Amino acid sequence: MLFATIAISIDAMLPALPDIAAALSPDAPNAAQLVVTSFVFGMGIGTLFAGPLSDAFGRKRVIMFGSALYALAALACYFAPTLELLLIARVVQGIGSAAPRTVSIAMVRDLFSGRDMARIMSFAMLIFTVIPAIAPLMGQGIIAIADWHAIFLAYIAFSAITMLWMGLRQPETLPVTSRRPLRMATLWSATKELGRHRVIVISTLVQALTLGALFATLSSMHGIFELRFDRAETFPLWFAFIAVGSMSGSLLNSRIVMTLGMRRVITGTLAAQLGLTVICLLTIASGLMPEALAFPAHLLWSIGLFSMMGLTMGNLNALAMEPVGHIAGLAASVISCLATVGSVLLAIPVGLAFNGTVLPLLAGVAALLAGALALMRYGLPAR
């Protein structure tokens, strides 16, 4: 649930983007997409601090503080009268969400490493993909009963439940004797250590490119369903279908990663999704895609993209964290910060290029996946 804080904070907003655009940016409807990317940007900034703080003060305490900040920012979003103030509050909300997102990874690393950690992360990614099946339906239901502002009250309730459950059920995983004082010299030394590991640098870059493809897709998805396929009313149901279909990625990874290894799984998955993306792009751009197959093809492509996350992100995190278990909190922070902020910078231009068709998204995703595949194939060849 801690890991899924990100998913619910993004996906429940998707049905609300047209209403937010109509209310706060009627002259620039694409600007409403920034409600998604501003949250992700804040999360990326927050991850830089959440991990080192958890190394110094313990995992649970920092997660609790971040969750409280997340809830307070959600309350500010509820009362925001302009798009600018809403985006600022969303950035702060993203900063708060960094603690449950990043420190939960460090908690896993406290207890597991290598392929065992990758297997555990697969189960976390499974929950991460269940929430998107529910969140848009939840968002649309809230809009039908109240309006889009009330979605932020649901975020407060979700945060309260996770904090209560963690407080009662999850023991602290970092003993006092293993904590590291919060000193700038120590942080800088540990950060330089991360840069000396090729596997960490490459894994972080691949995460940025892969997440960039995901966030660009999320930003454009509602617009594509509304303007290209005229299915705005049923969008949450189709999104749930995509999310449920993509759960197979996490389940498959948990079964094959122990045998094939993380690098082979990542490389093979990126190659398969890139091939599917290029096929869709070329057939649509050339006019060879029959109109009757356009929507099923887009559903298949979307399921593939979301499944890709379950087969890559947990493995990439495990690869990056393997050499740095002694500074797990800081490592998780720096890696997540660089990957997340980088992904937002890559996703924003792809999302804003949306013109009512799927072509800008497919072209952008193809470029991002090609870069990720090249880095994995030539920077971290499978062993």
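Everything discussed here concerns the structure shown above.
Residues numbered from 1 in each chain as written. Predicted model: local features only at pLDDT ≥ 70, side-chain atom pairs only at ≥ 80, totals over all residues. Heavy atoms only, no water.

### Some thoughts on the environment of Leu-380
- Topologically, Leu-380 is positioned in the segment after α14 (359-379).
- It is 8.5 Å that separates the C-alpha atoms of Leu-380 and Ser-203, two residues lying 177 residues apart in sequence.
- Setting aside residues up to four positions removed in sequence, Leu-380 forms contacts with Val-199, Ile-202, Ser-203, Arg-263 and Leu-375. (Helix = DSSP H or I, 4+ residues; strand = E, 2+ residues; numbered from the N terminus. Contact = heavy atoms within 4.5 Å.)

### Quick notes on the side chain of Ser-97
- Within the element layout of this structure, Ser-97 appears in helix α5 (residues 83-111).
- When sequence neighbours within four positions are dropped, the list of residues in contact with Ser-97 reads Thr-5, Phe-39, Met-43 and Tyr-70.

### Some words on the nonpolar core
- In this structure, Ile-20, Leu-86, Tyr-155 and Leu-270 are the most contacted members of the largest nonpolar core, which totals 111 residues.
- The element that contributes the greatest number of residues to this core is helix α12 (residues 291-321), accounting for 16 residues.
- Dropping the residues within four chain positions of it, Ile-20 is found in contact with Met-13, Ser-25, Ala-32, Val-35, Leu-83, Leu-86 and Trp-148.
- Core analysis: the next-biggest nonpolar cluster, separate from the first, contains eight residues, Ala-99, Val-103, Met-107 and Met-166 among them. (Core = buried A, V, L, I, M, F, W, Y, C linked by side-chain atoms within 4.5 Å. Buried < 20%, exposed > 50% of the residue type's maximum accessible area, 1.4 Å probe, protein only.)

### Digging into the packing of aromatic side chains
- The tally for this structure, following the rule as stated, stands at eleven aromatic pairs.
- Between Phe-225 and Phe-295 the ring centres are 5.7 Å apart and the planes differ by 85°, which places this aromatic pair in the edge-to-face class. With Phe-225 in helix α9 (residues 198-228) and Phe-295 in helix α12, this residue pair connects regions lying 70 residues apart in the sequence.
- Of the residues examined, Phe-225 reaches a relative accessible area of 0% and is grouped as buried.
- A ring pair is formed by Phe-229 and Phe-295, whose centres lie 5.1 Å apart and whose planes are at 65°; its orientation type is edge-to-face. Within this pair, whereas Phe-229 is found in the loop between α9 and α10 (235-260), its partner Phe-295 is found in helix α12, the two being separated by 66 residues in sequence. One exposure class covers both Phe-229 and Phe-295, and it is buried.
- Taken together, the aromatic side chains of Phe-225, Phe-229, Phe-235, Trp-238, Phe-239, Phe-241, Phe-295 and Phe-306 make up a single cluster linked through ring pairs.
- We note Arg-231 situated over the ring of Phe-295; from NZ or CZ to the ring centre the distance is 3.9 Å. (Phe/Tyr/Trp six-rings, centres within 6.5 Å; stacked < 30°, edge-to-face > 60°. Lys NZ or Arg CZ within 6 Å of the ring centre and 35° of its normal.)

### As for the pattern of salt bridges
- Inspection of every chain in the model, using the stated rule, returns three salt bridges.
- Close ionic contact of Arg-228 with Glu-291 constitutes a salt bridge, the shortest N to O distance being 3.2 Å. A residue pair is termed long-range when its members are at least 10 positions apart, and Arg-228 in helix α9 and Glu-291 in helix α12 qualify at 63 residues.
- Judged by its relative accessible area of 28%, Arg-228 is partly exposed.
- For Glu-291, a relative accessible area of 55% corresponds to the exposed category.
- Salt bridges linked by common partners bring Asp-55, Arg-59 and Asp-110 together as one network. (Salt bridge = Lys/Arg side-chain N within 4 Å of Asp/Glu carboxyl O.)

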